Amino acid sequence: MSEKYRLGIIGCGSIANLHADSFRNVDEIDVVAISDPVDEARNEFGERHNIANRYHEAREMLDKENLRIVIITTWPKLHAPMTAAACARKPYAVICEKPMAATLGECDEMLTVASRYNVKLAVGHQRRFVSTWTTARGLIASGTIGEPRQIVCRGGQGLLNDCSHLIDMMRYVLGDPNASWVIGNVERKTERYERDIPIEDRSAGIIGFDNGCVGLLLQEIAGPNEYGGLIYGSEGMIDLTESRVRVLNSRSAEWEERQADDGNPWEAQIRELISWIEEGTEHRGNAKHGRAAIEIIMAIYESARMHEVVQMPVRTLCSPLELMIESGELPVERPGRYDIRAFLLRGEERKSS
């Protein structure tokens, strides 16, 4: 058997629990330490998962615990600095939760520090391990619906939040093509935030991929987030969700449906990370894909800011949405700041974890 990997978790919120629960069946993983500045969150998590080594400060944990794998499940604003801190201690690998970061510049900083210290960096787009998404990817690759022409998704809760999964899904099922151009627009008339990052009320984006397929993402416009979409090809179509994939093509008279298996995507994600460490087989969540999703999001914002089709690569490394807010281009018409994830905050001081 491979070695037992000492693993530490930075951030003890709800997503961290999903990771920790998935490790129970992975013999190669030994969760030895956790860190979170919120005492309540850290101690609740430690008790639930029977982890004795608990740290208020992540860097102290990284210095003392000789970790081989680090999982970062903090809020997005901390993804870049915590990834830099983790990589500087030279573990074998780091998984940072999605979205990879809040700006394209931060993504590049994360990739740079991982490369500098030869650390394998993955982004936790765990739905790449959902069986229906992988089935759809295989069907498209095999030509079941001919040449993919269009993919349509509907989402909510901001582009950086849940919609980052949908943009990543577009690329994943299409075989991870690069985006060539993007056009989009946003609406922000309220003071809406998501884990302390300003987000739009509504948005729409059209993405031209270099394989000729065009993606359409409608956010808070045309229905709830389904973590799937409709893929139209020259010879058929796929109707995709997390729970099933339906196919109709020119060779069949009715829909063929396949249900999702009962696999745990979180467990599959960590198992593939171990394979990446031991065998060099690239992780499907390689951080380059996390960056690609952020670049498309920033291109939608940049298109709204510049009133043009954005040709890739995006050259603005900060958030174009925040630039529009700061410049007054998106004036608040319904004042009153609110955070759509306020239910995650703890205590009188409103600390986050």
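Residues numbered from 1 in each chain as written. Predicted model: local features only at pLDDT ≥ 70, side-chain atom pairs only at ≥ 80, totals over all residues. Heavy atoms only, no water.

Caption draft 1: Representation of the pairing of strand 15 (residues 244-249). Pairing of strand 14 (residues 236-240) with strand 15, which is carried by 5 bridges, proceeds in the antiparallel orientation. Of the residues in strand 15, the one forming a bridge with Leu240 is Val245. Direction of pairing for strand 15 relative to strand 16 (residues 256-259): antiparallel, over a ladder of 4 bridges. Its bridge partner being in strand 16, Val245 is matched across the sheet by Arg258. Between strand 15 and strand 16, which pair antiparallel and follow one another directly, the connecting turn spans 6 residues. (Pairing = 2+ DSSP bridges. Helix = DSSP H or I, 4+ residues; strand = E, 2+ residues; numbered from the N terminus.)

Caption draft 2: View of the sheet that holds strand 1 (residues 5-10). Strand order in this open sheet of 6 strands is 3-2-1-4-5-6, and the pairing throughout is parallel. In this open sheet, the two strands that pair with only one neighbour each are strand 3 (53-55) and strand 6 (120-124). On average, adjacent strands in this sheet sit at an angle of 25° to one another, irrespective of strand direction. Looking at chain direction, strand 5 (residues 93-97) and strand 6 are connected through 5 bridges and run parallel. Bridged to Ala93 within strand 6 is Lys120. (Axes fitted to C-alpha atoms, helices over the stretch in contact; angles between N-to-C directions.)

Caption draft 3: Structural context of the nonpolar core. Ile151, Val173, Ile238 and Leu240 are the most contacted members of the largest nonpolar core, which has 76 residues in total. With 10 residues, helix 9 (residues 287-306) is the largest single contributor of residues to this core. Setting aside anything within four residues of it in sequence, one finds Leu240 in contact with Thr132, Trp133, Ala136, Met169, Val173, Gly228, Gly229, Ile231 and Val245. In terms of nonpolar packing, the next biggest core, distinct from the first, is built from 22 residues, Val26, Ile34, Ile71 and Ile270 among them. (Core = buried A, V, L, I, M, F, W, Y, C linked by side-chain atoms within 4.5 Å. Buried < 20%, exposed > 50% of the residue type's maximum accessible area, 1.4 Å probe, protein only. Contact = heavy atoms within 4.5 Å.)

Caption draft 4: Here's a closer look at the packing of helix 9 against helix 10 (residues 320-327). At a minimum axis distance of 8 Å, the contact between helix 9 and helix 10 shows a crossing angle of 35°. In this structure, helix 9 contributes Met298, Tyr301, Glu302, Ala304 and Arg305 to the contact, and helix 10 contributes Pro320, Leu321, Leu323 and Met324. Looking at side-chain class alone, the contact of helix 9 with helix 10 contains 7 nonpolar, no polar and 2 charged residues. (Nonpolar A, V, L, I, M, F, W, Y, C, P; charged D, E, K, R; others polar.)

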